[in-house]
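Structural overview
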Amino acid sequence: MEWGGEVIEFHLDARSGVAPYMQLIRQVRHALRLGVLNEGDKLPTVKEVVARVAINPNTVSKAYRELEYEGLVTARPGLGTFVTRTLVGDSLSKHEPLRQGLARWLTEAREAGLDDESIEALFLSSFRTFSEARG
Amino acid sequence: MIWMTWRQFRTPALATGTLLLALLGGLALTWSEVTELATQTGYTGCQGDACRAAAETFLQALQPGWASEFHIAAIGALYLLPALVGIFWGAPLVARELESGTYRMVFSQSVSRGRWLVVKLAVGGGAAALGAGLLSLVLTEWAQPIDGASADRMNPLVFAARGVVPVGYATLAFVVGVATGLLLRRTLGAMAVTLLVVVSLQIAAPFVVRPWLAQPITTVTPLTFDGDFGISMSPDTGRMTVHVEPDRRGDWVVSSTTITSTGAEFTGPADLTRCGPRALGGREACQRWLGEQNLSLKVSYVPGSKFWGLQWREFGVLIALTVVLSLFCLWWVRRRLV
Amino acid sequence: MTSALIADGLTKRYGRRSALNDCTLDIPAGHVVGLVGPNGAGKSTLLQLACGLLDPTAGRIEVLGARPVSGSPQVGFVAQDTPVYAGLTVADHLRMGAHLNPSWDAALAERRIAQVGLDPKQKAGKLSGGQRAQLALTVAAAKRPNLLLLDEPVAALDPLARRNFLQGLMELTAEQGMSIVMSSHLVADLERVCDHLIVLVASRVRVAGDVDDLLATHHRLVGRRRDTTELGVGRALVEQSHTEVQSTLVVRSTAPIVDPSWQVDRLDLEDIVLAYMSGATGDGTGRVLEGQR
């Protein structure tokens, strides 16, 4: 049951309103983005996750299937689930231009008379609508 | 299921078993005492009229020894056993499972409710029958010289502590306990009700059930008043009753009444000039007067020879009740329990 | 999708009081199904009917395609308050299981007992609530049923014992692949362990579905007060409450809600369940307005 240093640990936030399988996916993606997980690294087995987090095994399988579908991991029968691709490169390099775009938008919003809270509410609701529209 | 039943049952079973073993040990140790005294007093192998006196001597000789103590203890135990078995084996058997909720655990194992109860009834009832049967048969054998000498085994008190009848009482009491536990669903309440039912049964049996089963023989013999008799009378009204002890050694006298020629019970009135404190002529005069009244003694009795016949009949009735009550329990646990 | 449990017009009455009244539902197999609802909704009665402890007064119930009988090797049951034999040791309970179940998995039972740290020689009456629940779960699981029913198994446990119990349960699910139906009113626990949820209110199924779907399709809308009949197709109103100026709605919608006049929030499972429970009590509007005066 002891996990080596090469695998990640999952946790669940019951009050987030985010489906548990989606929370697992996000945690894997996040680890990939931060470089915590690299190509060839093994994800914990379903049983290990279940024993650790007290989560439904179907949920873990579903998250892994989804990650596999996205091409981030691959399941090798009898061996486990392994990372096939990281997200480090493609995101970090694009951060800077995006940040500049966002800063410009924020300036516009201020000039239109919105205060900090209105800007935050507007951003969050647009973001949510946007991401839900894309599934 | 047998393992499970034994595991839950073993503590009360062992406790009762120890008690029985102590009594059986006592009977075994005093066995020689009884047979030796019977020989010494000349009771064993006696002939004819000499037996009456020898028997008396034998019974007298037994009084101070351990044998009579164990005799009384064993009879007491056979009376106590049904109540104990009913209260401590029968009543908690199902009631405790219902009370503590463990029935929900055992009923969700791969064993049907019917089988569960059948095994429990069989093991508990079997153990009760075995314990009561063993003690009763050993006691019957042990007490054979005593019963012969006292000619008392038809006595209702002794009768239920001899032969096969105790087996019937023990098994019936056990099932009574199970059934009340099943219906009341409370151990303590079931224990109390079981005690009540078993004791009433033991009281009712000699007064109601046994006379009915035995179908006593009734005889009417003219009274001559030359033997022993007792009179009770009221000197003012002349109301008078006469008590005559019928000579029915070895039989069970169910009832004995003094009747007039019309067949009604004799209640007087007495001739106050010949009977009573103001009468002249004393006891003889009264005796003569009574002799002139054409009185008879009506005795209803069960002959001692019917001992084993009656034993099996009573046993049969008790076992039949046990079976009926067991079937009821089975039906209840399958259909009505929850 | 095969069914673990089908009820059709299922009714259980005790004298005049009815514990379950005309209940119709279909619980899919191969899932960990959470059965939630307020006290008295009939959850416990339904589960006891499903394992044959109770007989229905009316209606039909089928478990794994057959009429339930107690003593079936197919169905395991962990009763409410997890009763165990106080006078028997932990090892005795396992021996009982071995004697009473032809399909008993002794290795599984012993492994689990060791894993949860139970002393086989300990009398069950001396166990803590959490240990007792683990023992009851072990006995029920080592029977290797196809369907395991649990009636409020964690209700009486402290949070740590609760977590340990659910971990054990989920490990068993991962190993054995059995269907599980558990009733609970602790929705936060169900969210992580269940993949299917049924909300039962007064013997009626208020909502049933996969947990992921329920989370994805329920939204809380907050905005200026308005009439709520204009929600649009594919949207169902679950709960509503209004003040003089503001309306708060819980809406089920498969499509995302794009309407700048509403502030749209996610709901966690507990909020969703609560919305269905309170929405079932009658006209939400009147009740809330009443409360404000």
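The structure displayed is predicted, hence computed values, not measured ones.

Here's the deal with the overall build of chain B
Of regular secondary structure, chain B possesses eleven helices and five strands. Its C-alpha atoms give chain B a radius of gyration of 26 Å, clearly above 20 Å, the size a compact globule of 338 residues would have. Overall, the C-alpha framework of chain B stretches about 85 × 50 × 30 Å when taken along its three principal axes. Here chain B, with 338 residues, has 37% of them falling under the buried criterion.

So, the domain arrangement of chain A
Taken domain by domain, chain A consists of domain 1 (20–83) and domain 2 (88–133). When each unit is reduced to the centre of its C-alpha atoms, the spacing between domain 1 of chain A and domain 2 of chain A is 30 Å.

Re the domain arrangement of chain B
Note: interface size is frequently given as the accessible area lost on complex formation between the parts. Residues and elements named next belong to chain B. When cut into domains, chain B gives domain 1 (2–215 + 305–336) and domain 2 (224–294). Using only C-alpha atoms to locate each centre, domain 1 and domain 2 end up separated by 42 Å. Taken together, the residues that form the side of domain 1 that touches domain 2 break down as three nonpolar, one polar and no charged.

Focus: the arrangement of the chains
Interchain contacts are distributed over two pairs of chains, and the most extensive set of them lies between chains A and C. These two, chain A and chain B, are apart from each other, with no contact and a minimum C-alpha gap of 25 Å.

Remarks on the interface of chain C and chain B
Each partner contributes to the interface: chain C provides 27 residues, whereas chain B provides 17 residues. The element that contributes the greatest number of residues to the side of chain C that touches chain B is helix H2 (residues 90–100) of chain C, accounting for six residues.

Structural notes on the interface of chain C and chain A
Taken together, the 25 residues of chain C in the interface contact 23 residues of chain A. Elements that contribute at least two residues to the side of chain C that touches chain A include exactly helix H5 (159–176), helix H6 (187–193), helix H7 (211–217) and strand E13 (262–266) of chain C. If one sorts the elements of the side of chain C that touches chain A by residue count, H5(C) sits on top with seven residues. Partitioning the side of chain C that touches chain A into residue classes produces 14 nonpolar, three polar and eight charged.

Topic: the sheet that holds strand E4 (residues 58–63) of chain C
Backbone hydrogen bonds hold the strands of a sheet together, and the pairing may be parallel or antiparallel. Residue and element names in this part refer to chain C. Taken together, three strands build an open sheet; the order of strands is E2-E1-E4 and the sheet is antiparallel. Edge strands, defined here as strands with exactly one partner in the open sheet, are strand E2 (17–28) and E4. The mean inter-strand angle of the sheet, taken between neighbouring strand axes irrespective of direction, is 20 degrees. Summarising the sheet, strand E1 (residues 3–14) and E4 pair through five bridges and their orientation is antiparallel. Bridge pairing links Leu 5 to Val 63 in E4. The strands that helix H1 (residues 43–50) touches are E1, E2 and E4; relative to E1, the one it contacts most, it runs at about 115 degrees.

So, the sheet that holds strand E11 (residues 235–242) of chain C
Residues and elements named next belong to chain C. Pairing in this open sheet of four strands is antiparallel, and the strands run E11-E12-E10-E13 from one edge to the other. Looking along the sheet, the strands with just one partner apiece sit at the ends: E11 and E13. With direction set aside, neighbouring strand axes in the sheet form an average angle of 25 degrees. Packed on one face of the sheet, helix H8 (residues 269–279) meets strand E10 (218–224), E11 and strand E12 (246–253) and runs near 75 degrees to E11.

Focus on the nonpolar core
In this structure, B:Ala170, C:Leu149, C:Val181 and C:Val199 are the most contacted members of the largest nonpolar core, which totals 183 residues. Among the elements that line this core, the one with the most residues is helix H3 (residues 66–100) of chain B, at 15 residues. Ranked by size, the runner-up nonpolar core spans twelve residues in total, among them B:Met240, B:Val244, B:Cys286 and B:Leu290.

Side note on the environment of A:Arg26
Residues and elements named next belong to chain A. Within the element layout of this structure, Arg 26 appears in helix H1 (residues 20–34). Arg 26 gets classed as partly exposed once you count the C-beta atoms within 10 Å, which come to 13. For the pair Arg 26 and Leu 67, spaced 41 residues apart in the sequence, the C-alpha separation amounts to 9.7 Å.

About the criteria used
Residues numbered from 1 in each chain as written. Chains lettered and ligands numbered in written order. Predicted model: local features only at pLDDT ≥ 70, side-chain atom pairs only at ≥ 80, totals over all residues. Helix = DSSP H or I, 4+ residues; strand = E, 2+ residues; numbered from the N terminus. Rg over C-alpha atoms; globule rule 2.2 N^0.38 Å. Buried ≥ 20, exposed ≤ 12 C-beta atoms within 10 Å, placed from the backbone. Domains from an automatic or database assignment. Nonpolar A, V, L, I, M, F, W, Y, C, P; charged D, E, K, R; others polar. Contact = placed C-beta atoms within 7 Å. Pairing = 2+ DSSP bridges. Axes fitted to C-alpha atoms, helices over the stretch in contact; angles between N-to-C directions. Core = buried A, V, L, I, M, F, W, Y, C linked by C-beta atoms within 7 Å.

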